[in-house]
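Fold and geometry: a report
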Amino acid sequence: MDSITVENVTKTKTLKKAIVVPSYKVSDSLPLLLEKIPSTSVDYIIVVDDKCPDGSGLGAEKLNKKNCVVIYHEQNQGVGGAVISGYLKALDLGCDIIV
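Structural notes, computed from the coordinates. Worth saying up front: this structure is predicted, and the values here are computed from it rather than measured. (Residues numbered from 1 in each chain as written. Predicted model: local features only at pLDDT ≥ 70, side-chain atom pairs only at ≥ 80, totals over all residues. Heavy atoms only, no water.)

Before going further, it helps to spend a moment on the sheet that holds strand β3 (residues 68–72). Strand order in the open sheet formed by 4 strands is β3-β2-β1-β4, and the pairing between neighbours is parallel. Whereas interior strands pair on both sides, the edge strands pair on one side only; in this sheet they are β3 and β4 (97–98). Pairing of strand β1 (residues 17–23) with β4, which is carried by 2 bridges, proceeds in the parallel orientation. The partner of A18 across the bridge, within β4, is I98. The strands touched by helix α4 (residues 78–92) within the sheet are β1, β2 (44–49), β3 and β4, with β1 carrying the most contacts at an inclination of about 155°. (Pairing = 2+ DSSP bridges. Helix = DSSP H or I, 4+ residues; strand = E, 2+ residues; numbered from the N terminus. Contact = heavy atoms within 4.5 Å. Axes fitted to C-alpha atoms, helices over the stretch in contact; angles between N-to-C directions.)

Residue K25 is not a glycine yet carries a positive backbone phi of 55°. A relative accessible area of 53% places K25 in the exposed class. For K51, which is not glycine, the phi torsion reads 55° and is therefore positive. As for its position among the elements, K51 is in the loop between β2 and α3 (56–62). For K51, a relative accessible area of 48% corresponds to the partly exposed category. (Buried < 20%, exposed > 50% of the residue type's maximum accessible area, 1.4 Å probe, protein only.)

Before going further, it helps to examine the pairing of β3. Side-chain positions along a regular strand alternate between the two faces of the sheet. Most of β3 is tucked away: 4 of the 5 residues are buried. Crossover β2 to β3 through α3 is right-handed. (Right-handed = clockwise from strand over helix to strand, strands pointing away.)

Glancing now at the environment of I71. Checked against the element boundaries, I71 lands in strand β3. Remark: the alpha-carbon pair of I71 and D50, spanning 21 residues in sequence, is separated by 8.4 Å. Discounting residues that sit within four places of it in the chain, I71 has contacts with I46, V47, V48, D49, S85, G86 and K89.

The next point concerns the pairing of β1. With 6 bridges connecting them, β1 and β2 associate as parallel partners. Looking at β2, one finds that P22 is bridged to V48. The β-α-β motif built from β1, the intervening helix α2 (residues 30–36) and the parallel element β2 has right-handed crossover chirality.

Within the largest apolar cluster, 10 residues are counted, these being V21, L30, L34, I37, V42, I45, V47, A60, C68 and V70. Mapped onto this core, the elements with two or more residues apiece are α2, β2 and β3. Filtering out sequence-adjacent residues up to four positions away, C68 remains in contact with I45, V47 and A60. (Core = buried A, V, L, I, M, F, W, Y, C linked by side-chain atoms within 4.5 Å.)

As structure tokens, this is what we get:
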């Protein structure tokens, strides 16, 4: 039986990649960060607005990046909760590599 390696997997499948960005009170810096991520380097950028009072998620939406998905928490869950929500969304989208 052959061992499973990244090389073996990528011969038969294109791996989907996602970046998860938890956001809370980062509306000034978030657009700059998102603009620096080349659209061709990842399949999805998942921004998790963790009940942010300054509307970080809305700022991400206004950039109109086609591969950017914004999730809104109804209640602040902290950075850990935001990361988990982002990872779950990435898995729902069929991502293989999540950062």
